[in-house]
Amino acid sequence: MTRNAFTLGDAAREFVRHPSPWMIGFALILSLAARCAAGDWQLTDALVPVAMLTAFPFFEWIVHVFVLHWKPRRFGRVTLDSVLARDHRLHHMDPRDVPLIFIPWRALLWILPAAVAVALLAFPRPALGLTFLSFLTVLGLCYEWCHYLIHSDYKPKTRAYRSIWRNHRQHHYKNEHYWFTVTTSGTADRALRTHPEPTAVPTSPTAKNLHAVTPARQ
């Protein structure tokens, strides 16, 4: 299928073939059901999503820089390297390998329970924690869809999407040390000074081989 013939419908059909959207979607349904059953609606339930939307580009940036771009480190006979970092290096090696675009389902087996623990333990009201958890899964699905769409053959048709598409493509094909946000363009990257003019930075020789480490598929 040529790039011009690849539609949003084609993208959606491919998207639902992978486990990550289903796992996050199932968590969203459960968290929404629990939130509705809990009741106790207050003003802070409206403020939490606003705060999360504001913080999400910075969260993306931090995870991308410090988790996904983690350089393997040896401590004696032990190599410290997560499945997220390993799969992300493979993703940089072949950005068009569709399964590698998604959050690894093995990682979601601990990420989702960890999110539930935060929701139940870090908030003054269980209902507020469930609001957090529900919106977090919405953001997770949006991230997965946006990241997949950027790497698919879908051609940008709007100015906003073209900006996000270009931002992430520059991270993969120009220089992996910049443009770390995925769902936005020029937000956290501008604030944290990783959004240069593309002509002002060299093309990196390690954009497809992070840290010059050649990983093996796990």
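Residues numbered from 1 in each chain as written. Predicted model: local features only at pLDDT ≥ 70, side-chain atom pairs only at ≥ 80, totals over all residues. Heavy atoms only, no water.

If you look the protein chain up in an unreviewed UniProt entry, it shows as Fatty acid hydroxylase.

> Would you mind going over the environment of Pro95 with me for this structure?
With respect to the helices and strands, the residue Pro95 is situated in the loop between helix H4 (83–93) and helix H5 (105–121). Separated by 33 residues in the primary sequence, Pro95 and Leu128 have C-alpha atoms spaced 38 Å apart. In this structure, Pro95 is in contact with Ile101, His151, His172, Tyr173 and Lys208, ignoring residues within four places of it in sequence. (Helix = DSSP H or I, 4+ residues; strand = E, 2+ residues; numbered from the N terminus. Contact = heavy atoms within 4.5 Å.)

> Help me understand the pattern of salt bridges in this model?
Where charged atoms from two side chains of opposite charge approach closely, those side chains can pair. Taken as a whole and assessed by the stated rule, the structure comprises eight salt bridges. When the shortest N-O distance is used, the salt bridge between Arg106 and Asp87 registers 3.1 Å. With Arg106 in helix H5 and Asp87 in helix H4, the pair connects residues that are 19 residues apart, well separated along the chain. A relative accessible area of 12% means that Asp87 is categorised as buried. Salt bridges sharing partners connect three or more residues here, namely Arg35, Asp40, Asp45 and Arg125. (Salt bridge = Lys/Arg side-chain N within 4 Å of Asp/Glu carboxyl O. Buried < 20%, exposed > 50% of the residue type's maximum accessible area, 1.4 Å probe, protein only.)

> Is there a simple way to think about the environment of Asp87 in this case?
The spacing of Asp87 and Leu68 is 19 residues in sequence and 8.4 Å in space, taken between C-alpha atoms. When residues no more than four places from it in sequence are discounted, the contact partners of Asp87 are Leu100, Pro104 and Arg106. Reaching out from Asp87, the side chain makes a polar contact with the side chain of Arg106 at a distance of 3.1 Å. (Polar contact = N/O pair within 3.5 Å; in protein donor to acceptor, adjacent residues only side chain to side chain.)

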